[in-house]
Amino acid sequence: MWLVTDFELILAAPRGYCAGVDRAVETVERALELAGAEPVYVRKQIVHNAHVVAELERRGAIFVDSELDVPVGAAVVFSAHGVAPSVHENAKARNLAVVDATCPLVTKVHSEARRFAQRGYTILLIGHAGHEEVVGTMGEAPDSIVLVESASEVDALDFSPDTPLAYVTQTTLSVDETRVVIDRLRERFPWIEAPVKDDICYATSNRQAAVKALAREVDLVLVIGSRNSSNSCRLVEVAREHGAPSYLIEDESAIDPTWLDDGATRIGITSGASAPERLVQRVVQWFRARGDVTLSELETVHEDVSFALPRPIRRALALVDGPAPGA
Ligand code: SF4
């Protein structure tokens, strides 16, 4: 029988949706509204969260693995993680009405990779093999990009000083681990060029900084996010590295009560950049059903980033609603 306990829940801030995810989810919602009875296809998971995908599916979105699975001439939304140029070419050949919801911060990494490749550089892409963002970025210049996953992999590389070298990174990596890989690259290849601005995005950095502060204050950190969400997995690792046991949970049903067996009552909660806030509130309710809860927030930085919707959606909305005020 569960004993009633006092829980102190501390929510990390910032947490949850970033500007790129917010934009991508709203893009599909708006596309569904605008399409009416016409189908809207989405290539891959729009963002890496099972709840978000299930909800959009319920509202009519049809998720497919490849643009080649979309019927000729139909509407398709590309996910926030970005796609290789070959995907755009396939879509064009199939006469698809494309709405590209690639996060502008991923697009920035694609542009950097393209620019370096055009200037004859070999590009070391720090990232995780198979992640959709990495697949998309590598597609920009497949013959010029070498994937590097860790500092030990850097040791296996060999370039002469007359090889122009640059690095770029996936946007959702661990800030600290990436620093180690970059330091090793600079040690081995001092002439290597960096991107103009860090590729790890503001949302990834801010959520990691927040979970570091949180981990120092609590007995346990719960990270809400899906297993294929890179930035959510990194939050668990960062919390553990900073002294708190930590678990990734899809939602409240994944909480294992034995995690609280050794008297954990100060619980930190955060969520990955693709996890909706409603899941945080459901986790809070899970604790409320089991004891008295004091709730607070630990804010490390205030975020106010937002991105405009993709142009085809803005244009279609302007036709329906009339131009936005001041436009
Ligand atoms: Fe964009 Fe960063 Fe969000 Fe990815 S995590 S969608 S790069 S803002």
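Right, let's talk about the packing of aromatic side chains for a bit. What characterises a pair of aromatic rings is the spacing of the ring centres plus the angle enclosed by the ring planes. Per the stated rule, a full pass over the model turns up 6 aromatic pairs. Where phenylalanine 7 meets phenylalanine 287, the ring centres are 5.0 Å apart and the plane angle is 75°; that geometry is what we call edge-to-face. Residue phenylalanine 7 is found in strand E1 (residues 5-13), and its partner phenylalanine 287 is found in helix H10 (residues 277-288); the two are separated by 280 residues along the sequence. We classify phenylalanine 7 as buried; its relative accessible area is 2%. Relative accessible area serves as the criterion here: at 0%, phenylalanine 287 is assigned to the buried category. Measuring from ring centre to ring centre gives 5.5 Å for phenylalanine 159 and phenylalanine 189, while their planes differ by 70°; the resulting arrangement is edge-to-face. Separated by 30 residues along the polypeptide, phenylalanine 159 in the loop between helix H6 (151-155) and strand E8 (165-169) and phenylalanine 189 in the loop between helix H7 (175-188) and helix H8 (202-215) bring together distant segments of the chain. In terms of burial, phenylalanine 159 and phenylalanine 189 fall into one category: buried.

Enumeration according to the criterion identifies 21 salt bridges in this entry. For the salt bridge of arginine 119 with glutamate 193, the shortest nitrogen-to-oxygen distance reads 3.9 Å. A residue pair is termed long-range when its members are at least 10 positions apart, and arginine 119 in the loop between helix H4 (104-118) and strand E6 (122-126) and glutamate 193 in the loop between H7 and H8 qualify at 74 residues. Overall, the relative accessible area of 31% leaves glutamate 193 in the partly exposed class. Residues participating in the shared-partner salt-bridge network are Glu29, Glu55, Arg58 and Arg59.

A word on the nonpolar core. By size, the foremost hydrophobic cluster in this structure holds 28 residues, and its most contacted members are Val28, Ile46, Val47 and Val77. Secondary-structure elements contributing two or more residues to this core are helix H1 (19-35), strand E2 (40-43), helix H2 (50-58), H8 and helix H11 (311-321). Broken down by element, this core gets its largest block of residues, 7 residues, from H1. If we skip the residues at most four places from it in the chain, isoleucine 46 touches Ala24, Val28, Val52, Val53, Leu56, Phe63, Val77, Phe78, Ser79, Ala80, His81 and Ala101.

This paragraph deals with the environment of glutamate 217. Among the structural elements, glutamate 217 can be located in the loop between H8 and strand E9 (220-224). Along the sequence, glutamate 217 and arginine 266 sit 49 residues apart, while their C-alpha atoms lie 7.9 Å from each other. Beyond its immediate chain neighbours, meaning those up to four positions away, glutamate 217 contacts Arg266 and Leu298.

This brings us to the state of the cysteines. All chains considered together, the criterion is met by 0 disulfides. Cysteine 233 takes part in no disulfide bond, and the closest cysteine sulfur to it belongs to cysteine 201, at a distance of 15 Å.

Moving on: empty space enclosed by the protein. Enumeration over the complete set of coordinates arrives at 1 cavity of 30 Å³ or more. Put simply, the largest cavity is a space of about 280 Å³. The leading source of residues in the lining of the largest cavity is H1, at 3 residues.

Residues in close proximity to the ligand include Cys18, Gly20, Cys103, Leu105, Val106, Thr171, Thr172, Cys201 and Tyr202, which together make up its full environment. The cavity where the ligand resides is the largest cavity. Split by residue class, the shell around the ligand holds 6 nonpolar, 3 polar and no charged.

Estimates place the volume of the largest pocket at around 250 Å³. As for the largest pocket, its lining consists of 16 residues, and the residues nearest its centre are Ala31, Ala35, Ala75, Ala97 and Val99. Looking at the lining of the largest pocket, the elements with two or more residues in it are H1, strand E4 (75-78), strand E5 (97-100) and H11. Residues belonging to the lining of the largest pocket are distributed by class as follows: 14 nonpolar, 1 polar and 1 charged.

Attention shifts here to the packing of H8 against helix H9 (residues 230-241). Viewed as axis vectors pointing N to C, H8 and H9 meet at an angle of 30°, and their least axial separation amounts to 9 Å. Regarding the angle of H8 to H9, the classification is roughly parallel. By crossing handedness, the relation of H8 to H9 is classed as right-handed. Where H8 approaches H9, its residues Thr204, Arg207, Gln208, Val211, Lys212 and Ala215 are matched on the opposing element by Asn231, Arg234, Leu235, Val238 and Ala239. By residue class, the composition of the contact of H8 with H9 is 5 nonpolar, 3 polar and 3 charged.

On to the sheet that holds strand E7 (residues 145-148), then. Judged by pairing direction, the sheet is parallel, and its 3 strands sit side by side in the order E7-E6-E8 without closing on themselves. Taken across any chain shown, the strands that pair with only one partner, and hence form the sheet edges, are E7 and E8. In this sheet, adjacent strand axes meet at a mean angle of 25° when their direction is disregarded. The strands touched by H7 are E6, E7 and E8; relative to E6, the strand with the most contacts, the crossing angle is about 155°.

Definitions and limits used
Throughout this document, residue positions are counted from 1 along each chain, in the order its sequence is written. Totals for whole chains, interfaces and linings use every residue, but because this is a predicted model, local features are given only for residues with pLDDT of at least 70 and side-chain atom pairs only at 80 or more, for both listing and counting. The side-chain numbers reported here are obtained from all heavy atoms of the structure, hydrogens and water having been left aside. Classification of ring pairs uses Phe, Tyr and Trp, with its six-membered ring standing for Trp, and accepts pairs whose centres are within 6.5 Å; under 30 degrees between planes counts as stacked, over 60 as edge-to-face, and the remaining range as tilted. We count a stretch as a helix when DSSP gives it H or I for four or more residues in a row; a strand needs E for two or more, and each element gets its number in order from the N terminus. Each residue is placed in one exposure class: buried if its accessible area under a 1.4 Å probe, protein chains only, is under 20% of its type's maximum, exposed if it is over 50%, and partly exposed if it falls in between. Note on definitions: salt bridges are taken to be side-chain nitrogens of Lys or Arg within 4 Å of carboxyl oxygens of Asp or Glu. In this text, buried Ala, Val, Leu, Ile, Met, Phe, Trp, Tyr and Cys residues form a nonpolar core when linked through side-chain atoms within 4.5 Å. Whether two residues are in contact is decided by their heavy atoms, any of which lying within 4.5 Å being enough. Sulfur atoms of two cysteines make up a disulfide when they are within 2.5 Å. For cavity detection a 1 Å grid was placed over the protein atoms alone, and a set of points counts as a cavity when a 1.4 Å probe fits there but cannot get out; an open set counts as a pocket when protein lies on both sides within 12 Å along at least five of seven lines, with lining residues being those that have an atom within 4 Å of a point. Grid points are joined across faces, edges and corners, and a volume is the space filled by probe spheres set on the points. Near, as used in this document, describes a residue that has one of its heavy atoms within 4 Å of the molecule or strand being considered. Whether a molecule lies in a cavity or pocket depends on its atoms, and more than half of them have to be within 2 Å of the grid points. Residue polarity is assigned by list, with Asp, Glu, Lys and Arg as charged and Ala, Val, Leu, Ile, Met, Phe, Trp, Tyr, Cys and Pro as nonpolar; anything else, Gly included, falls into the polar class. Where helices are involved, their axes are fitted lines through C-alpha atoms of the stretch in contact, as for all axes, and angles between N-to-C directions lie from 0 to 180°. An angle below 35 degrees is treated as roughly parallel, one above 145 as roughly antiparallel, one from 65 to 115 as roughly perpendicular, and anything else as oblique. Take the far helix as the reference: if the near one is turned anticlockwise from it by less than a right angle, the crossing is left-handed, and if turned clockwise, right-handed. Pairing between strands is defined by DSSP: at least two bridges between them are needed.

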